[in-house]
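Spelled out from the first residue to the last, the chains are:
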Amino acid sequence: FGFAPSLILNAWRTKYVPRTGGRRIRIPVTLSPTRKANVRKRLKAADSVLDTLVASGVQCRKLTQTLETHIPEPQMRPKTKYFTYCASEAPSYLKGVHRVPKFTKELLPRQFPVGFESVRRREMKAARKEGGERYGSHSARKEVM
């Protein structure tokens, strides 16, 4: 053999079996309609808690700061409902909310960082000028036809 028989037996243990793709529990690429509905339900529940606090007359500094920047769920765009800002997701800087660990338990920001949209637009324009067709420019296709 050239090696110990105990290593042969250990080769069939589950930790030695190669896994496909790293995670045992796979995360879907997109949110299903049911998960989107649950996200909206959680956002509405948070809105109702804030409305209750305002109606009760409670006043504190943190509550007034939250109310200044707070966007109710019906006024939010789908991009801000189902995506969050992530600096490591380089080209788009957006990460699906379902890919955040414990996204159902944590408070996720309802707005992207200040200046995020303008920076992203600038990067997309620069990419279009350089790469052309990758970001939706149809001029290269028209020349071929």
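Further up the page is the structure itself.
Residues numbered from 1 in each chain as written. Predicted model: local features only at pLDDT ≥ 70, side-chain atom pairs only at ≥ 80, totals over all residues. Heavy atoms only, no water.

Chemist: Looking at this structure, I do not really get the environment of Pro 78. What am I missing?
Modeler: Mapped onto the elements of the fold, Pro 78 is located in helix α4 (residues 78-82). Classification of Pro 78 by relative accessible area gives exposed; the value is 53%. Along the chain, Pro 78 and Arg 40 lie 38 residues apart, while their C-alpha atoms are 9.9 Å from each other. (Helix = DSSP H or I, 4+ residues; strand = E, 2+ residues; numbered from the N terminus. Buried < 20%, exposed > 50% of the residue type's maximum accessible area, 1.4 Å probe, protein only.)

Chemist: Hey, could you run me through the side chain of His 98 in this one?
Modeler: Looking at the secondary structure, you find His 98 in the loop between β2 (94-96) and α5 (116-131). On the basis of relative accessibility, which here comes to 9%, the residue His 98 falls in the buried class. One polar contact links the side chain of His 98 to the main-chain carbonyl oxygen of Pro 28, over a distance of 2.9 Å. Once residues lying within four places of it in the same chain are set aside, the contact partners of His 98 are Ile 27, Pro 28, Val 29, Thr 30, Leu 31, Arg 35 and Phe 103. (Polar contact = N/O pair within 3.5 Å; in protein donor to acceptor, adjacent residues only side chain to side chain. Contact = heavy atoms within 4.5 Å.)

Chemist: Sorry if this is basic, but what is going on with the environment of Phe 103 here?
Modeler: Following the sequence through the fold, Phe 103 ends up in the loop between β2 and α5. Assessed through its relative accessible area of 15%, Phe 103 is described here as buried. Ignoring anything within four residues of it in the chain, the contact list for Phe 103 reads Val 39, Arg 42, Val 97, His 98 and Leu 108.

Chemist: Would you explain the nonpolar core in this entry?
Modeler: When a protein is soluble and globular, its nonpolar side chains tend to lie buried together. In terms of nonpolar packing, the biggest core is built from 8 residues, these being Leu 31, Val 39, Leu 43, Met 76, Tyr 82, Val 97, Val 100 and Phe 103. When near neighbours in sequence (up to four residues on either side) are disregarded, Val 97 contacts Leu 31, Val 39, Lys 81, Tyr 82, Phe 83, Phe 103 and Leu 108. (Core = buried A, V, L, I, M, F, W, Y, C linked by side-chain atoms within 4.5 Å.)

Chemist: Quick question: what am I supposed to make of the packing of helix α2 (residues 33-56) against helix α3 (residues 61-69) here?
Modeler: When two helices pack together, their arrangement is given by the angle between the helix axes and the distance between those axes. One can describe the packing of α2 onto α3 by two numbers: an axis separation of 12 Å at closest approach and a directional angle of 125 degrees. Between α2 and α3, the angle falls in the class oblique. Between α2 and α3 lies a crossing whose hand is left-handed. Between α2 and α3, the contacting residues are Leu 50, Leu 53 and Val 54 on the first element and Leu 63, Thr 66 and Leu 67 on the second. Here the contact of α2 with α3 is composed, by residue class, of 5 nonpolar, 1 polar and no charged. (Axes fitted to C-alpha atoms, helices over the stretch in contact; angles between N-to-C directions. Parallel < 35°, antiparallel > 145°, perpendicular 65-115°, else oblique. Left-handed = near helix turned anticlockwise from the far one by under 90°. Nonpolar A, V, L, I, M, F, W, Y, C, P; charged D, E, K, R; others polar.)

Chemist: Whenever I open this one, α2 confuses me. Can you help?
Modeler: Residues lying three or four places apart along an α-helix face the same way, a consequence of the helix completing one turn every 3.6 residues. With 24 residues, α2 ought to run about 34 Å at 1.5 Å a step, and its terminal C-alpha atoms sit 35 Å apart, in line with that. Check the buried side of α2 and you find it contacts α3 and α4. Positive phi appears at Gly 57, one or two residues downstream of α2, with a value of about 90 degrees. (Expected span 1.5 Å × (residues − 1).)

Chemist: Teacher, can you tell me more about the side chain of Thr 84 here?
Modeler: With respect to the secondary-structure elements, Thr 84 resides in strand β1 (residues 83-85). Setting aside chain neighbours within four positions, we find Thr 84 in contact with Tyr 93, Leu 94, Lys 95, Val 100, Pro 109 and Phe 112.

Chemist: Got a minute to help me understand the packing of aromatic side chains in this structure?
Modeler: Counting across every chain of the model gives 1 aromatic pair. For the ring pair Tyr 85 and Tyr 93, a centre distance of 6.3 Å and an interplane angle of 20 degrees mean the geometry is stacked. Just above the ring of Tyr 82 sits the side chain of Lys 36; from NZ or CZ to the centre is 5.1 Å. (Phe/Tyr/Trp six-rings, centres within 6.5 Å; stacked < 30°, edge-to-face > 60°. Lys NZ or Arg CZ within 6 Å of the ring centre and 35° of its normal.)

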